[in-house]
Amino acid sequence: MAPVYKLTYFPVKALAEPTRFLLKYGGLEFEDERFEREQWPQIKPTMPFGQVPVLSAKGKQYHQSIAMARFFAKQVKLVGSDEWEDLEIDSMVDTVNDLRQKIAVYSYEQDAAIKESRKGPLMNETLPYYLERLDKIAKENNGHLACGKLTWADFYFVALLDYLNYMTESDLTAKYENLEAVKNNVLSIPAIKEWVETRPKSDL
Ligand SMILES: N[C@@H](CCC(=O)N[C@@H](CS)C(=O)NCC(=O)O)C(=O)O
C-alpha cells in the first residue's frame, strides 16, 4: 500500500528536513518526492501557494513547513505537556525561523555589491546576537532549546542547520558548546542517525 503521506520538495534538505526528521523519528512511512529544478515551472502552478514543501495526504495538499512540522511533532509526542510548554517551544521555532530569514536575505541577494554590504552586519552582528542567546538558552535547558527536554524545537534547529551553514558558508555552532550539545542530542537518536547516513546527499 502507498504511504499515507507524500512530501514534495526540491532535492535538498532545507525547509523539508525538519518534517523528514520528525517522520523518521516516529517511524511514519512517507513518500519523499524530490523533483529536479527544471521541473519546477510545471510543478509550481499545482502547489497551493506556488511554493514547496507541500504535504499531500488524504487527497489534500498542505503547505507551510512549520505547520507540517508541528503536525508531525504532535503525532510523535515531541510537543509540550501543556499550552505553556507549547508557547515556549513555538517561540523557539519562530526564533530559529527568524534567523533563517535574516540569513536568506543575505544569501539569496543577486546583486553582488548589495550582498557584500549585507555580509558584515550579518556575520558580525546578527549571527552573534542570535547564536549567543540561543546558546545561553541551550545551556539553561541542558542541551535543548525549550522546556529542558527533547522537543521539536531541537529537531527544527538541527534539521535546518546544514542549510543555515550552507547559506553562511560557516559552521554556525562550532564555537557554541551548548548548541553543539543540542545538535548531538538530536543526531545521536538512532532513527535520525540512520536517516542522516542514508538520506540522498545534498549541500543544502
Ligand atoms: N513559508 C513557506 C516558505 C516556502 C518557500 O520559501 N519555499 C521555497 C523553497 S525553500 C520555494 O518554493 N521557492 C520557489 C518559488 O517560490 O517559486 C514555508 O515555510 O513552507
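In this text the structure is predicted, and so the values were computed from the model without any measurement. (Residues numbered from 1 in each chain as written. Predicted model: local features only at pLDDT ≥ 70, side-chain atom pairs only at ≥ 80, totals over all residues. Heavy atoms only, no water.)

In this structure, Tyr-25 sits in helix H1 (residues 17-25). Tyr-25 sits in the partly exposed class, given a relative accessible area of 29%. Measuring from C-alpha to C-alpha, the distance between Tyr-25 and Phe-72 comes to 9.9 Å, with 47 residues separating the pair along the chain. With residues near it in sequence (within four places) discarded, Tyr-25 still touches Val-76, Leu-78, Leu-150, Phe-155, Ile-189, Ala-191 and Ile-192. (Helix = DSSP H or I, 4+ residues; strand = E, 2+ residues; numbered from the N terminus. Buried < 20%, exposed > 50% of the residue type's maximum accessible area, 1.4 Å probe, protein only. Contact = heavy atoms within 4.5 Å.)

With that settled, the discussion passes to the UniProt feature "domain: GST C-terminal" (unreviewed entry) in the protein chain. The positions that UniProt labels "domain: GST C-terminal" (unreviewed entry) are, in the present scheme, residues 82-204. Helix and strand shares over residues 82-204 are 74% and 0% respectively, and the end C-alpha atoms of the span are 34 Å apart. (UniProt positions renumbered as here; feature names shortened; annotations may be inferred.)

As a further point, take the pairing of strand E4 (residues 60-63). Of the pairings in the sheet, the one linking strand E3 (residues 54-57) to E4 comprises 4 bridges and is antiparallel in character. Paired with Leu-55 across the two strands is Tyr-62, which belongs to E4. The antiparallel pairing of E3 with E4 creates a hairpin that spans 2 residues between the two strands, and Lys-58 there sits at a positive phi of about 50°. (Pairing = 2+ DSSP bridges.)

Moving on, we get to helix H3 (residues 65-75). Taken as a whole, H3 has its buried residues at Ser-65, Ile-66, Met-68, Ala-69, Phe-72 and Ala-73. All buried residues of H3 fall inside an arc of 160° around its axis, so they share one side. Buried residues belonging to H3 abut strand E1 (5-9), H1, E3, E4, helix H4 (83-107) and helix H6 (152-168). Immediately beyond the C-terminal end of H3, within one or two residues, lies Lys-77, with a positive phi of roughly 60°. (Arc of directions from axis to C-beta.)

Our next topic: the packing of H6 against helix H7 (residues 177-187). Two quantities define a packed helix pair, namely the angle between the helix axes and the distance between the axes. Where H6 meets H7, the closest approach of the two axes is 9 Å, and the angle between their N-to-C directions is 95°. In terms of their interaxial angle, H6 and H7 are classed as roughly perpendicular. Seen from H6, the contacting residues are Asp-154, Phe-155, Phe-157, Val-158 and Leu-161; seen from H7, they are Leu-179, Val-182, Lys-183, Val-186 and Leu-187. Split into classes, the residues belonging to the contact of H6 with H7 amount to 8 nonpolar, no polar and 2 charged. (Axes fitted to C-alpha atoms, helices over the stretch in contact; angles between N-to-C directions. Parallel < 35°, antiparallel > 145°, perpendicular 65-115°, else oblique. Nonpolar A, V, L, I, M, F, W, Y, C, P; charged D, E, K, R; others polar.)

Tallied over the entire structure, the rule returns 9 aromatic pairs. An angle of 80° between the planes, with centres 5.1 Å apart, marks the rings of Tyr-25 and Phe-155 as edge-to-face. Pair noted here: Tyr-25 is in helix H1 and Phe-155 is in helix H6, with a separation of 130 residues, a long-range link. Plain terms: the ring middles of Phe-35 and Trp-40 are 5.4 Å apart, the flat faces sit at 5° to each other, and that makes the pair stacked. Under the relative-accessibility criterion, Phe-35 is labelled buried at 3%. A relative accessible area of 15% means that Trp-40 is categorised as buried. One aromatic cluster in this structure is built from Tyr-9, Phe-10, Phe-35 and Trp-40. (Phe/Tyr/Trp six-rings, centres within 6.5 Å; stacked < 30°, edge-to-face > 60°.)

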